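# Residue-level structural notes
As a plain string of letters, each chain reads:
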Amino acid sequence: IFEEYDPAKEATAEIEKEILNSDAVIDSAVIAKKWPDGLEIKIKEREQIAIFCQQNHCFEIDANGVIFDQTANSLPADIIVRQNQLIENLAVGEPVVHKNIMAAIYEIEKNLKENFKIDIAQALISTPIRLNITTSEGWDIYFDTGEDSNLSSQITKLNLLLKQEMSSEARKNLEYIDLRFKDRAYYK
């Protein structure tokens, strides 16, 4: 089966590519012909879900881990995402955090906020298989993000621990909860 060459389709794809390359804030662009002589252009901007910081540079970051706009400051409600591994050439429009890690951060944040009214202050990607979450209460949670890990079971362990063994008063003295081990959770 042969596909007929359509110069208009090729031109439309080229315009979409130009729009995407023009500004890192643009997540997607779709162009459609409107007969007889019009075009409809739909642009979707990236949605900030956190702030990614490295050394003295901070950027808005989306759910796919793409940094897209440099920012000088953050709001108290913003999650700060950092990595121990330094990225040599940060470039807006490029992914700096794997989207699975961003999804894990979002899932953890949603769980803590809905179930315990606890916010995330910072997410540190300590190693490729370790995620450290610092809560707004000042204590940390260590997650295993390796290929064999199960984030759902780690969140379940966290929920059981916080509901059954730790009141909000007891959390004031908490330093960390370590969920990286399959058989149990550790805390201090």
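What this report covers is the structure whose coordinates are included nearby. (Residues numbered from 1 in each chain as written. Predicted model: local features only at pLDDT ≥ 70, side-chain atom pairs only at ≥ 80, totals over all residues. Heavy atoms only, no water.)

### Focus on the overall build of the protein chain
- Across its full length, the protein chain holds 3 helices and 11 strands.
- Mapped in sequence order, the helices and strands of the protein chain form the string α-β-β-β-β-β-β-α-β-β-β-α-β-β.
- Computed over its C-alpha atoms, the radius of gyration of the protein chain comes to 21 Å, more than 25% above the 16 Å expected for a compact globule of 188 residues.
- Dimensions along the principal axes, computed over C-alpha positions, put the protein chain at roughly 70 × 45 × 30 Å.
- Taken over 188 residues, the protein chain has a buried fraction of 37%.
- Intrachain contacts of the protein chain at a sequence separation of at least 6 include 43% that bridge at least 24 residues.
- With an accessible surface of roughly 12,200 Å², the protein chain has 48% of that area assigned to carbon and sulfur atoms. (Helix = DSSP H or I, 4+ residues; strand = E, 2+ residues; numbered from the N terminus. Rg over C-alpha atoms; globule rule 2.2 N^0.38 Å. Buried < 20%, exposed > 50% of the residue type's maximum accessible area, 1.4 Å probe, protein only. Contact = heavy atoms within 4.5 Å. Areas by Shrake-Rupley, 256 points an atom, 1.4 Å probe, with all protein chains shown as cover.)

### What about the pairing of strand 9 (residues 140-144)?
- Judged by how many residues are buried, strand 9 sits mostly within the fold: 4 of 5 residues are covered.
- Note that strand 8 (residues 130-135) and strand 9 share 5 bridges and pair antiparallel. What sits directly across from isoleucine 133, in strand 9, is isoleucine 141. (Pairing = 2+ DSSP bridges.)

### A look at the sheet that holds strand 11 (residues 186-187)
- Strand order in the open sheet made by the 9 strands is 5-4-3-6-7-8-9-10-11, with mixed pairing throughout. For this open sheet the edge positions go to strand 5 (67-71) and strand 11, each flanked by a neighbour on one side alone.
- Note: strand 9 against strand 10 (residues 176-178), 3 bridges, orientation parallel. Paired with aspartate 140 across the bridge in strand 10 is tyrosine 176.
- With respect to the sheet, helix 2 (residues 99-116) is in contact with strand 3 (50-54), strand 4 (57-61), strand 6 (80-83), strand 7 (120-127), strand 8 and strand 9, its orientation differing from that of strand 7 by roughly 145 degrees.
- Each of strand 9, strand 10 and strand 11 is contacted by helix 3 (residues 151-164), which is oriented at about 150 degrees to strand 9, the strand it contacts most. (Axes fitted to C-alpha atoms, helices over the stretch in contact; angles between N-to-C directions.)

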